[in-house]
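Remarks on the overall topology
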Amino acid sequence: MTEENQKKVDILSLSLKEIEDIILLLGEKKFRAKQIWQWLHIKKVRNFDKMSNLSAQFRNKLSNAFCIKSLIISKRLASDIDNTVKYLYELPDGNHIETVLMEYNHGYSLCVSTQVGCKMGCKFCASTIAGFKRNLEPSEILLQIYETERDSGKKVSSIVLMGIGEPLDNFENVIKFLEILSDKDGSNMSLRHVSLSTCGIVPRIYDLADKNYGLTLSISLHATTNATRGEIMPVNNKYNINELITACKYYLRKTGRRISFEYALINGVNDSMEQAVQLSKLLRGMQSHVNIIPINKIKEHKFTSDRKSAKRFQEYLIDLGVNATVRRTLGSDIDAACGQLRRDYEI
Ligand code: SAH
């Protein structure tokens, strides 16, 4: 992005109301904001010159005040085993993120990143290895959807905030993204089709519950005792399992939405019968769902797992009355599976 553009307001990160306020300051009529909004979020133009129902003079004013950001596809990798496609996107400042398009029976789902890198330090995850660079702007989260739909020709019907980064560590921008995404005059996506995954930033779980968006909250639990969880997930040393589960109960009470618990299974670390029993106790009375993920390989760690142990752990849980499934792993041949995404693709 040119230096000149960097000084302009990033219009794709603004709500309709914010655009209206600026339009009025520019001496134009309020209804113009909705026209601009529809060009941006329905017709998805990348240039003010394309907004043909606005006068040339007004379009000029707009391009002096605002910029329309875009992402560049640096790499596109298609899986040979399923229809997963991983995109490496270059952001306007030259940083990179990854986005994954997955095909399910019910349609296409897009896994989007929320930060450049991650500071959470989970021991099994590739996204944290090169460290944290910066938060993504609302526009940069949104553009992962727009650019992927444009490139693939597919309509995305659900979004999972499970790419690089910790969404609740970029709370304000993620909230803004959700509001833009669900705007009735724009993309109009029901937030029931959005899942947000967190490693457990407890205060923000309360904040999210209070928003009552109806989205699905996924908790990356991965262990049943503070000792084990603290070892593989440093965030647990700040917000422990009890605090996390209490926040989850609040979320459930407040929103009525069943919580999904992610459990990345690691041989010899969290896969015993005893741990299944502890898990069933933790989740008692919560109408939750456990998603077991056999840990995906990344070259920096030696954790292993397989579908057989995942199936066995699932059986333990089902016998204990816990609703549990083993997640289908998509895109593992192109390092597009859970925990395999990174901001620095050469590392
Ligand atoms: N920071 C958020 C969003 C990332 S979502 C979170 O922690 O939830 C990515 C999901 O993949 C999380 O559940 C994460 O714990 C999990 N994950 C990370 N590395 C993994 C790996 N190697 N194998 C399987 N799952 C992994």
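Computed from a predicted model, the values in this text were never measured in an experiment.

1. Observations concerning the overall build of the protein
Along the protein, the regular secondary structure elements total 11 helices and 14 strands. A compact globule built from 347 residues should have a C-alpha radius of gyration of about 20 Å, and the protein, at 21 Å, falls within 12% of that. Judged by the C-alpha coordinates and their principal axes, the protein covers about 70 × 40 × 35 Å. Sequence separation of 24 or more characterises 65% of the internal contacts of the protein that already satisfy a separation of 6 or more. Total accessible area computed for the protein in this model is approximately 15500 Å², and 48% of it derives from carbon and sulfur atoms. Within the protein, one finds 49 positive and 40 negative side-chain charges whose respective centroids are separated by 3 Å.

2. Notes on the site of the ligand
Taken together, 18 residues sit near the ligand, with Phe124, Ser197, Ser220, His222 and Asn296 positioned nearest. Taking phenylalanine 124, its main chain carries an N or O atom lying 2.9 Å from a nitrogen atom of the ligand. Here a nitrogen atom of the ligand sits 3.4 Å away from a polar atom, N or O, in the main chain of cysteine 338. Notes on the ligand: free accessible area 530 Å², of which the protein chains cover 96%. Of the residues assigned to the shell around the ligand, the class counts are eight nonpolar, eight polar and two charged.

3. Focus: the nonpolar core
One finds Ile159, Leu208, Phe261 and Val290 to be the most contacted residues of the largest nonpolar core, which totals 100 residues. Non-local contacts of isoleucine 159, meaning those with residues more than four positions away in its chain, are made with Leu110, Val112, Ile145, Leu181, Met189, His193, Val194 and Ser195.

4. A look at helix α11 (residues 307–319)
A rise of 1.5 Å per residue sets the reference length of α11, with its 13 residues, at 18 Å; its end C-alpha atoms lie 18 Å apart and thus fit the reference within 8%. What α11 keeps buried is the set Ser309, Ala310, Phe313, Gln314 and Leu317. Along the axis of α11, the buried residues cluster in a sector spanning 145°; they form a single face. In α11, the exposed positions angled more than 90 degrees off the buried face are occupied by Lys308, Glu315 and Asp319. Packed against the buried residues of α11 are β12 (260–265), α10 (273–282), β13 (289–294) and β14 (324–326). Capping of α11 at its N-terminal end is provided by aspartate 306; its side-chain oxygen lies 3.0 Å from the backbone amide nitrogen of lysine 308. Positive phi appears at glycine 321, one or two residues downstream of α11, with a value of about 85°.

5. Side note on helix α6 (residues 171–181)
With eight of 11 residues buried, α6 is to be regarded as a mostly interior element. Among all positions of α6, only Phe171, Asn173, Val174, Ile175, Phe177, Leu178, Ile180 and Leu181 are buried. Packing partners of the buried residues in α6 comprise α3 (31–41), β8 (132–135), α5 (138–152), β9 (156–161), β10 (194–198) and α7 (202–211).

6. Quick notes on the domain arrangement of the protein
Accessible area lost upon the coming together of the parts is a frequently used measure of interface size. We note that the domain assignment places domain 1 (3–67) and domain 2 (72–346) within the protein. A C-alpha centroid distance of 34 Å is found between domain 1 and domain 2. Each partner contributes to the interface: domain 1 provides 15 residues, whereas domain 2 provides 15 residues. Taken together, the two surfaces of domain 1 and domain 2 that pack against each other cover about 1300 Å², and 50% of this comes from carbon and sulfur. Counting the contacts that link domain 1 with domain 2 gives four salt bridges. Here lysine 44 makes a salt bridge to glutamate 149, at a shortest N to O gap of 3.9 Å. Put simply, domain 1 and domain 2 have seven residue pairs in polar contact (both at pLDDT 80 or more) between them. For the side of domain 1 that touches domain 2, the leading source of residues is α3, giving five residues. In the side of domain 1 that touches domain 2, the residues fall into six nonpolar, four polar and five charged.

7. Description of the pattern of salt bridges
What the rule picks out here adds up to 21 salt bridges. Of the charged contacts in the structure, one is a salt bridge between lysine 69 and aspartate 10, with a shortest N-O distance of 3.9 Å. Of this pair, lysine 69 sits in the loop between β2 (66–67) and β3 (72–78) while aspartate 10 sits in strand β1 (residues 9–10), placing them 59 residues apart in sequence. Assessed through its relative accessible area of 12%, aspartate 10 is described here as buried.

8. Some thoughts on the side chain of asparagine 170
Inspection of the secondary structure assignment puts asparagine 170 in the loop between β9 and α6. Only 3.3 Å separates the side chain of asparagine 170 from the side chain of asparagine 173, close enough to count as a polar contact. With residues near it in sequence (within four places) discarded, asparagine 170 still touches Thr114, Gln115, Asn135, Leu136 and Ile141.

9. Looking at the pairing of β13
Burial of β13 is extensive: six of the six residues sit out of reach of the surface. Of the two faces of β13, the one lined by His289, Asn291 and Ile293 and the one lined by Val290, Ile292 and Pro294 are each fully buried. Sheet analysis places β12 next to β13, joined by six bridges and oriented parallel. Bridge assignment links leucine 265 to a residue of β13, and that residue is proline 294. In this fold, β12 hands off to α10, which returns the chain to β13; that crossover is right-handed. Here β13 runs beside β14; their pairing, made up of three bridges, is parallel. From the neighbouring strand, valine 290 faces β14, where its bridge partner is alanine 324.

Reading the values: rules and limits
Residues numbered from 1 in each chain as written. Predicted model: local features only at pLDDT ≥ 70, side-chain atom pairs only at ≥ 80, totals over all residues. Heavy atoms only, no water. Helix = DSSP H or I, 4+ residues; strand = E, 2+ residues; numbered from the N terminus. Rg over C-alpha atoms; globule rule 2.2 N^0.38 Å. Contact = heavy atoms within 4.5 Å. Areas by Shrake-Rupley, 256 points an atom, 1.4 Å probe, with all protein chains shown as cover. Lys, Arg positive; Asp, Glu negative; His and termini not counted. Charge placed at Lys NZ, Arg CZ, Asp CG, Glu CD. Near = heavy atom within 4 Å. Polar contact = N/O pair within 3.5 Å; in protein donor to acceptor, adjacent residues only side chain to side chain. Nonpolar A, V, L, I, M, F, W, Y, C, P; charged D, E, K, R; others polar. Core = buried A, V, L, I, M, F, W, Y, C linked by side-chain atoms within 4.5 Å. Buried < 20%, exposed > 50% of the residue type's maximum accessible area, 1.4 Å probe, protein only. Expected span 1.5 Å × (residues − 1). Arc of directions from axis to C-beta. Domains from an automatic or database assignment. Buried area = accessible area lost by both parts, 1.4 Å probe. Salt bridge = Lys/Arg side-chain N within 4 Å of Asp/Glu carboxyl O. Pairing = 2+ DSSP bridges. Right-handed = clockwise from strand over helix to strand, strands pointing away.

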